[in-house]
Amino acid sequence: MLRIDTSAVPAKKLEALLPQTLEAHKKLQSKSGAGAAFTDWVTLPDDFDRDEYKRLREAAERAAGLGEVMVVVGIGGSYLGSRAVIEYLLSPFYNGTAGKKTPDILFAGCNLSGDALQRLTDRIGGRDFTVNVISKSGGTTEPAVAFRYFRALCEKRYGKDGAKKRIFAATDKSRGILKTLSDAEGYEAFVIPDGVGGRYSVLTPVGLLPIAAAGVDTDALLDGARVMMEACRSAGGLDNPALAYAAARSALYRDGKKIEVLASFDPDFVYMGEWWKQLYGESEGKDGKGLFPAAVSYTADLHSMGQYMQEGERILFETFVRADTPKGGIRVETDPANTDGLNFLAGKTVDEINDAAYEGTKKAHTDGGVPCLTVDTGPKGAASLGELIYFFEYACGVSGYLLGVNPFDQPGVEAYKKNMFELLGKPGV
């Protein structure tokens, strides 16, 4: 079970925030706070459509039989969650792994780079592929441009009848450009629930189809989320890990800490950091308020950001995410000549050295005036990751209410789109 260490924040400050934290918790549980129409993710691990989930698992197996590549077309919450889960559980080197029986998962529609689109096409090459397009409306520019391209490529290679068997959509249940197109063309479509916003949607068909296609145990992922959902529901004080994290963040923010740095010593965690950044940045950054979410990957970033973390302006705190270190693994061997001076490490595993790096870093940063929280997830796996995903989502909702903002809208995202459309001459703008 996930555990959190908030000892960097004085207990009296957490206790002082408890009444407000419990009120925010009550709003989430009763779905009565700001943005309540988008809080169905709170009960999602219990309330998801079992029949559609079964159909989704079958579609994932079918996609694996149809092609060596699945192109996932989406942006923001429509791709970050699935990429994060796949890379964390199966490694960033998942694509191209020799002997695997599941397709490479490539991501498109998350930028407007023609260069990147061409390189992705070259990466597919002559291999058979499927397309998973994800968009509530179907009108978001980046994925819409990419889908128009890959739809045409799919139809050119397989014909319209062949293409419709290879295109899978996740979209609105009843309206929108992509829903209309899916119905007209006969694409298999899965529903993005009305009450779940994009950044909270990784445990819906938005994330689950590519995750399942990659071979991740989605049952275990959902089971883990259900465990954390029950923990959040039943524990109403600071023994609730999500409430403790939200209260600690709020206390540090009120003490002038304006940046939260999410840190992991696992290189597989990089895209989990990207997912977390969107979740918190888009949920909290409103009305001139909010912690700025940043993420680092240690030990690599200790050689780039380490100096600032140790001695820069004291406007930040760190949240470390840790999984249990696996036993065994690669060990440092003895070198009779000891030319590199590393014989003091002989017999130790690389993971043991990594653990020491974590302990040393946390102590150094704490001594340097950086408050450090730690989230321990337990054994690395699908179930513990499901717990972590729900934990971060729930804490995010509580944190937003503690700030006094609606954590489920994103009005500021529209500004760049309006300017871009004007520059491109879109009619009616």
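Asker: Got a minute to help me understand the sheet that holds strand β6 (residues 188-191) in this structure?
Answerer: Sheet strands pair by backbone hydrogen bonding; their relative direction is either parallel or antiparallel. Taken in spatial order, the 5 strands line up as β3-β2-β4-β5-β6 in an open sheet, and their pairing is parallel. Each of the sheet's edge strands pairs with one partner strand only, and the pair in question is β3 (104-108) and β6. Mean inter-strand twist for the sheet, computed between neighbouring axes without regard to direction, equals 20 degrees. Pairing geometry for strand β4 (residues 129-134) and strand β5 (residues 167-171), over 4 bridges, is parallel. By the bridge assignment, Val-133 is partnered in β5 with Ala-169.

Asker: How do you make sense of the pattern of salt bridges when you look at a structure like this?
Answerer: Two side chains of opposite charge can pair, provided their charged atoms sit close to one another. One pass over the structure, following the stated rule, counts 34 salt bridges. The salt bridge partner of Glu-188 is Arg-55, with a shortest N-O separation of 3.0 Å. With Glu-188 in strand β6 and Arg-55 in helix α3 (residues 50-66), this residue pair connects regions lying 133 residues apart in the sequence. Arg-55 gets classed as partly exposed once you look at its relative accessible area, which sits at 29%. Put simply, Lys-136, Asp-172, Lys-173, Arg-175 and Asp-194 are held in one network by salt bridges that share partners.

Asker: So what exactly am I meant to see when it comes to the packing of aromatic side chains here?
Answerer: When we look at a pair of aromatic rings, we describe it by the centre distance and by the angle of the planes. Here the structure, examined in full by the defined rule, presents 25 aromatic pairs. Lying over the aromatic face of Tyr-158, Arg-166 brings its terminal NZ or CZ to 3.9 Å of the ring centre. A cation over an aromatic ring shows up here: Arg-249 above the ring of Tyr-245, its NZ or CZ 5.6 Å from the ring centre.

Asker: Where do I start with unusual backbone geometry in this structure?
Answerer: Omega for the peptide link from Tyr-298 to Thr-299 comes to 15 degrees, which places this bond in the cis form. Checked against the element boundaries, Thr-299 lands in the loop between β8 (292-297) and α12 (306-311). Backbone geometry at Ser-91 places phi at a positive 90 degrees, although glycine is not the residue there. By the element assignment, Ser-91 lies in the loop between α4 (80-90) and β3.

Asker: When you look at the nonpolar core in this model, what are you seeing that I'm missing?
Answerer: For soluble globular proteins, nonpolar side chains are generally found buried alongside one another. Counting residues in hydrophobic clusters, the biggest one holds 89 residues, and the most contacted among them are Trp-275, Leu-388, Phe-391, Phe-392 and Tyr-394. Per element, the largest residue contribution to this core is 13 residues, and it comes from helix α14 (residues 382-403). Sequence-distant contacts of Phe-392, that is, excluding residues within four places in its chain, are made with Tyr-245, Leu-262, Trp-275, Trp-276, Leu-279, Tyr-280 and Val-321. Core analysis: the next-biggest nonpolar cluster, separate from the first, contains 21 residues, Val-69, Val-71, Phe-147 and Ala-163 among them.

Asker: Can you walk me through the environment of Ile-134 in this structure?
Answerer: Here Ile-134 lies in strand β4. Owing to a relative accessible area of 1%, Ile-134 belongs among the buried residues under this scheme. Once the C-alpha coordinates of Ile-134 and Glu-311 are considered, the two residues, 177 residues apart in sequence, prove to be 43 Å apart. With residues up to four places along the chain from it excluded, the contact list for Ile-134 reads Val-72, Val-73, Gly-74, Ser-78, Ala-170, Ile-192 and Val-206.

About the cut-offs
Residues numbered from 1 in each chain as written. Predicted model: local features only at pLDDT ≥ 70, side-chain atom pairs only at ≥ 80, totals over all residues. Heavy atoms only, no water. Pairing = 2+ DSSP bridges. Helix = DSSP H or I, 4+ residues; strand = E, 2+ residues; numbered from the N terminus. Axes fitted to C-alpha atoms, helices over the stretch in contact; angles between N-to-C directions. Salt bridge = Lys/Arg side-chain N within 4 Å of Asp/Glu carboxyl O. Buried < 20%, exposed > 50% of the residue type's maximum accessible area, 1.4 Å probe, protein only. Phe/Tyr/Trp six-rings, centres within 6.5 Å; stacked < 30°, edge-to-face > 60°. Lys NZ or Arg CZ within 6 Å of the ring centre and 35° of its normal. Core = buried A, V, L, I, M, F, W, Y, C linked by side-chain atoms within 4.5 Å. Contact = heavy atoms within 4.5 Å.

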